[in-house]
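# Breakdown of the fold
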Amino acid sequence: MTPTPVLNGEMRMFRRICTLLGAACLSLTLMAPSAEAATVDYMGTLDVGGCSGSLMRMPTSEDGDRAFVLTNGHCYEGTWPVPDEVLVDKPSHRTFDLLDGEGRPVATLQTVKAAYVTMTGTDIALYQLDMSYEQLERKYGVRPLTVSAQRPAKGTDIRVVSGSQKKIFACDIDQLVYRVLETGYMTKDVLRYTSACDTGSGTSGSPVIDAASGQVVGINNTSNHEGGQCTQDNPCEMNRDGIITVHKGIAYGTQTYWLTTCIGPHNHLDLGKRGCLLPKPDLRAAAR
């Protein structure tokens, strides 16, 4: 899923030709092989029973680590976490359909726990499976997606890949929004898409993929259906001055690079890790 460089042999041949032709090399340069963008298809995406999701690894994940599945917090099978609530290491025996590049189901995956679930600050449910990345690829020929460790930029060319709807939406990141409000929930530093990504219902949890790198930069999580203000399925935006605006028909994704700041060796979620950006459980509330 990474750009393909020009082959070394081709590059050497090209340089020899340029040496012989001198200035005429300019026209050859325009025709020279160039790096290709990543191929974005359904490989590693999931149908999550009314939502979408993805088989996911972090930049530090190893092949022998138990694999992660990533979707939205509001796609969690239990009671939704209330505002300011964070769920950690909850037993889960949920099943998901894993898709190949053509969008065909190739396996049913079994979770062992919901490692992290929240709808505060972000909208994330991170599950751990009973199989490693190596086992999954060897048995089913499916590779995971990788979460980017970088915050995406305005103007990034993205693909929103819905395993449940079998649709791939193409657009750009229009803005990174200070806050998005929906009912009692608030998400931060949110990806607002250009209007070409009219994701609609059933696409929650879809990975948002940087089209150039093939890495995940977000999770699709909501859109304003009717022009309502800050109500369910009608999120609104709030800027740093507290001014509320509404963008009917526009969809949003929550950031994912936060995850990479909280993962230790062997895919261990470490919320106490220095620099971890994910919201933490309120231990005082849990003790009461």
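Here the structure is shown first, and the text comes after it.
This report concerns the structure included in the present document. The shown structure was predicted, so the numbers you read here are calculated from the model rather than taken from an experiment. (Residues numbered from 1 in each chain as written. Predicted model: local features only at pLDDT ≥ 70, side-chain atom pairs only at ≥ 80, totals over all residues. Heavy atoms only, no water.)

### Some points on the state of the cysteines
This model, assessed by the stated rule, comprises 4 disulfides. For C171, the disulfide goes to C197, at an S-S distance of 2.1 Å. The chirality of the disulfide connecting C171 with C197 is left-handed, given an S-S dihedral of about -100°. Residue C171 is located in strand 10 (residues 167–182), and its partner C197 is located in the loop between strand 11 (185–193) and strand 12 (207–210); the two are separated by 26 residues in the primary sequence. Take C171 and C197: they sit in the same class, and that class is buried. A sulfur-sulfur distance of 1.9 Å marks the disulfide that ties C230 to C236. Here the disulfide of C230 and C236 is right-handed, its torsion about the S-S bond being about 95°. On the basis of relative accessible area, C230 is assigned to the buried category, the value being 18%. (Disulfide = S-S within 2.5 Å. Helix = DSSP H or I, 4+ residues; strand = E, 2+ residues; numbered from the N terminus. Buried < 20%, exposed > 50% of the residue type's maximum accessible area, 1.4 Å probe, protein only.)

### Looking at the nonpolar core
Counting residues in hydrophobic clusters, the biggest one holds 48 residues, and the most contacted among them are L55, L109, Y116, I124, L126 and L278. At 6 residues, strand 7 (residues 124–132) tops the list of elements feeding residues into this core. Filtering out sequence-adjacent residues up to four positions away, Y116 remains in contact with V86, L87, V88, I124, A125, L126, L269, L271, L278 and P279. If you look at the next biggest cluster of nonpolar residues, it comprises 11 residues, including I158, C171, C197 and V217. (Core = buried A, V, L, I, M, F, W, Y, C linked by side-chain atoms within 4.5 Å. Contact = heavy atoms within 4.5 Å.)

### Some details on the pairing of strand 5 (residues 95–99)
Bridge count between strand 1 (residues 45–47) and strand 5: 2 bridges; the pairing is antiparallel. Residue D47 lies in a different strand from strand 5, and its bridge partner there is D97. When strand 5 meets strand 6 (residues 105–118), the two strands line up antiparallel, connected through 5 bridges. Its bridge partner being in strand 6, D97 is matched across the sheet by T108. Linking strand 5 to strand 6, which pair antiparallel, is a turn of 5 residues; within it G103 sits at a positive phi near 85°. (Pairing = 2+ DSSP bridges.)

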